[in-house]
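Okay, here's what each chain looks like letter by letter:
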Amino acid sequence: MASSSTTTGTSSGGSGGPYPIQGLGSEKDLQHVMDQRKKKRMISNRESARRSRMRKQKHLDELATQLSQLRKENNQMISSVTITTQHYMNVETENRVLRAQVAELSQQLQSLNEIIAFVNPCVDSGCGFMEEQYGSGTEFVDEFMSNSLSYVYANQAILASADMFMY
C-alpha cells in the first residue's frame, strides 16, 4: 500500500487554515489557495465597501429628504407666525380705536351729565316754562325718559348741543 503523507501546516501569510501539502507541488497549491482566498477576500471587501457606500448614500438621501421636510415645516411656521403677527397688529389697532372711542364717549357722557345737571335744577325748582303744559317738571322728565324713541332722538339732539359746549 502506497501511503501519501498528508500533514497540516499553516501558511506564512497567517490565514491559519489547514492545507494539504503534497510533495513538490504543495507550495504551488498552497500559493494558489492563498491567492484564491486573497482574491475572494478582495471581492468580499469590495462588496462590503460597495454596501457601505450604498448605506451611506441612502442615509445621505434620507437626511436630504428630512432637511427638505424641515425647511418646508419651518417655512410654514414662519408663515403662520407672520399671519398671527399681522392678526395681532390688526387687533391691537382695533383696540386702540376702541379705546379712543371709549375716551370720546366718556367725554360725551360727562358733557351730557353736566347738561342734565344743568337742566334738572331748573325742572326741580319749577322755572315755569314747562309747568303751563305739563304741571310739575318731574312729570315731563318721567314721561320723556319712559318714551324710548324720544329718548334716542333726545340723545342725538343733546349730543349736538354737547359738542357746542365742548368748544
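Conventions we followed
Residues numbered from 1 in each chain as written. Predicted model: local features only at pLDDT ≥ 70, side-chain atom pairs only at ≥ 80, totals over all residues. Heavy atoms only, no water. Helix = DSSP H or I, 4+ residues; strand = E, 2+ residues; numbered from the N terminus. Contact = heavy atoms within 4.5 Å. Areas by Shrake-Rupley, 256 points an atom, 1.4 Å probe, with all protein chains shown as cover. Patch = residues over 30% accessible without salt bridge, like charges linked within 9 Å, V, L, I, M, F, W, Y side chains within 5 Å. Salt bridge = Lys/Arg side-chain N within 4 Å of Asp/Glu carboxyl O. Lys, Arg positive; Asp, Glu negative; His and termini not counted. Charge placed at Lys NZ, Arg CZ, Asp CG, Glu CD. Buried < 20%, exposed > 50% of the residue type's maximum accessible area, 1.4 Å probe, protein only. pLDDT = per-residue confidence, 0-100.

S.K.: Honestly, the overall build of the protein chain in this entry has me stumped. Any pointers?
M.R.: From N to C terminus, the protein chain includes four helices and two strands. Across the protein chain, the fraction of contacts at a sequence separation of at least 24, relative to all contacts at a separation of at least 6, is 25%. Accessible area of the protein chain: about 14300 Å², with a carbon and sulfur share of 58%.

S.K.: Quick question: what am I supposed to make of a positive patch on the surface here?
M.R.: A cluster of basic residues, Arg37, Lys38, Lys40 and Arg41, forms a positive patch at the surface. Among the secondary structure elements, Arg41 is positioned in helix H1 (residues 26–125).

S.K.: Even after reading the chapter, I still don't get the pattern of salt bridges, so can you show me in this structure?
M.R.: Once their charged atoms are close, side chains differing in charge can pair, the charge on each being opposite to the other. Inspection of every chain in the model, using the stated rule, returns two salt bridges. Linking Glu47 and Arg50 is a salt bridge whose minimum nitrogen-to-oxygen distance equals 2.1 Å. With a gap of three residues between them, Glu47 and Arg50 both fall in helix H1, about one helical turn apart. Judged by relative accessible area, Glu47 falls into the partly exposed class, the value being 31%. With its nearest N and O atoms 3.9 Å apart, the salt bridge here joins Glu92 to Arg99. With relative accessibility at 22%, the residue Glu92 sits in the partly exposed group.

S.K.: Explain the confidence of the model for the protein chain here, please?
M.R.: Detailed reading of the predicted coordinates is not advisable wherever pLDDT falls low. Averaged over the protein chain, the pLDDT score is 75; the fraction of residues at 70 or greater is 57%. Within the protein chain, no element has a lower average pLDDT than strand E1 (residues 8–9), which sits at 45, and none a higher one than H1, at 93. pLDDT under 50 marks residues 1–16. Its contacts with residues more than four places away, or in other chains, come to 17 contacts. The low-confidence segment residues 148–163, where pLDDT is below 50, has 13 contacts with residues more than four positions distant or belonging to other chains.

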